[in-house]
Amino acid sequence: MGTDVFAEHRDVLVGVAYRVLGSATDAEDVVQEAWLRWSGVDQATVADPRAYLITVTTRLAIDRLRRSKAQRETYVGSWLPEPISTEPDAAERAELTDSVELALLIVLETLSPLERAVFVLREAFGLPFAEIATVIGRGEPAARQLALRAREHVRQRRPRFDVDRTARREVTERFLAACATGDLDALAGLFASDVRLVSDAGGKARAPRRVIEGADKVSRFLAAISDERGAQSYMASIGITEPVAFDFAVTDVNAAPGIVVTADGRPIVVLSLLVVDGLVTAVYLMSNPEKLAGVSRPPATDPGGPVSRTADPGTSQGA
């Protein structure tokens, strides 16, 4: 009985934890701990299992986020949320899928743990303030104030982006084609003049530790890592020393078109683009191997790919 109840609410609990933490791995750990708490309680005394489980999960996520923030201050290079595969065209879940957009999760990183939890529970899951107040152990007026402050903070910092997913996918596919061919002119033509590339490798893969800015610099960097020498250098940096077949495919990542690069079926790089008025304003490149567990291999029938290539890691130390 208890197992069935927990299974019924598990997706919601993972969703809450992921949005609060920005980490799929940590979210799974939190939900596992919530299960241990649930299995140890007298469930007959729990009047509302869903509310109880959300409360436990959120409090555990807040505690973990407080610990994680200190660790992220010493993280090597930029820290980006862990990407996750999402279902395309889930119109009936549009509000929930929009709340996992990478651009939003990046802004949520600038909130305090309590503000972030309140924002997630209110904006993504629509919980009433009375229930949110119980979850965070504060009065309802305090919960409302936290929500107001978080909402205003997000409104000011959340970047604008095109909501037309068909158009975003088209730009992403053109981006992938230009990278695959090393066409600098085509790449530069897709970028806003002030485009930024933010890379998260955590010191565990070859990647720039600082943000790259400007259409020319970003396009040259992407062309360099997309050629054979760049691929060899990257493969060597993550410990792949034998020739491998790797694919590039456009697929849904965090409720938006993204590019997943796989080596022998294992995701090794995820790229997500922020598109405004048909131009790319930001490129998020995630290559920390410890942060790609939530990304599944794109299906072979994906209409945007995959593009296959075989690389020999060799010993090159190119760009």
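Residues numbered from 1 in each chain as written. Predicted model: local features only at pLDDT ≥ 70, side-chain atom pairs only at ≥ 80, totals over all residues. Heavy atoms only, no water.

**Regarding unusual backbone geometry**
Piece 1. One non-glycine residue, Asp264, adopts positive backbone phi at about 50°.
Piece 2. Within the secondary structure layout, Asp264 lies in the loop between strand 4 (256–263) and strand 5 (266–276).
Piece 3. Even without being glycine, Asp277 reaches a positive phi, approximately 55°.
Piece 4. On the basis of relative accessible area, Asp277 is assigned to the exposed category, the value being 59%. (Helix = DSSP H or I, 4+ residues; strand = E, 2+ residues; numbered from the N terminus. Buried < 20%, exposed > 50% of the residue type's maximum accessible area, 1.4 Å probe, protein only.)

**Considering the pattern of salt bridges**
Side chains bearing opposite charge may pair, as long as their charged atoms lie close to each other.
Piece 1. Inspection of the entire model under this criterion finds 18 salt bridges.
Piece 2. Two residues, Asp26 and Arg64, come together in a salt bridge whose shortest N-O distance is 3.3 Å. Of this pair, Asp26 sits in helix 2 (residues 24–39) while Arg64 sits in helix 3 (residues 49–72), and the two are 38 residues apart along the sequence. Take Asp26 and Arg64: they sit in the same class, and that class is buried.
Piece 3. Residue Arg220 pairs with Asp216 through a salt bridge whose shortest N-O separation is 3.1 Å. Residue Arg220 and its partner Asp216 are both found in helix 11 (residues 215–226); the two are separated by four residues, about one turn of the helix.
Piece 4. Given a relative accessible area of 45%, Asp216 falls into the partly exposed group.
Piece 5. Connected through salt bridges with shared partners, the residues Asp26, Asp29 and Arg64 form a single ionic network. (Salt bridge = Lys/Arg side-chain N within 4 Å of Asp/Glu carboxyl O.)

**Remarks on the packing of helix 3 against helix 6 (residues 113–124)**
Piece 1. Across the interface, helix 3 lies against helix 6 with an axial gap of 9 Å and an inter-helix angle of 145°. Seen from above, helix 3 lies across helix 6 with right-handed handedness. Along the contact surface, helix 3 presents Ile54, Thr58, Ile62, Leu65, Arg66 and Lys69, while helix 6 presents Pro113, Leu114, Arg116, Ala117 and Leu121.
Piece 2. A class-by-class count of the residues in the contact of helix 3 with helix 6 yields seven nonpolar, one polar and three charged. (Axes fitted to C-alpha atoms, helices over the stretch in contact; angles between N-to-C directions. Left-handed = near helix turned anticlockwise from the far one by under 90°. Contact = heavy atoms within 4.5 Å. Nonpolar A, V, L, I, M, F, W, Y, C, P; charged D, E, K, R; others polar.)

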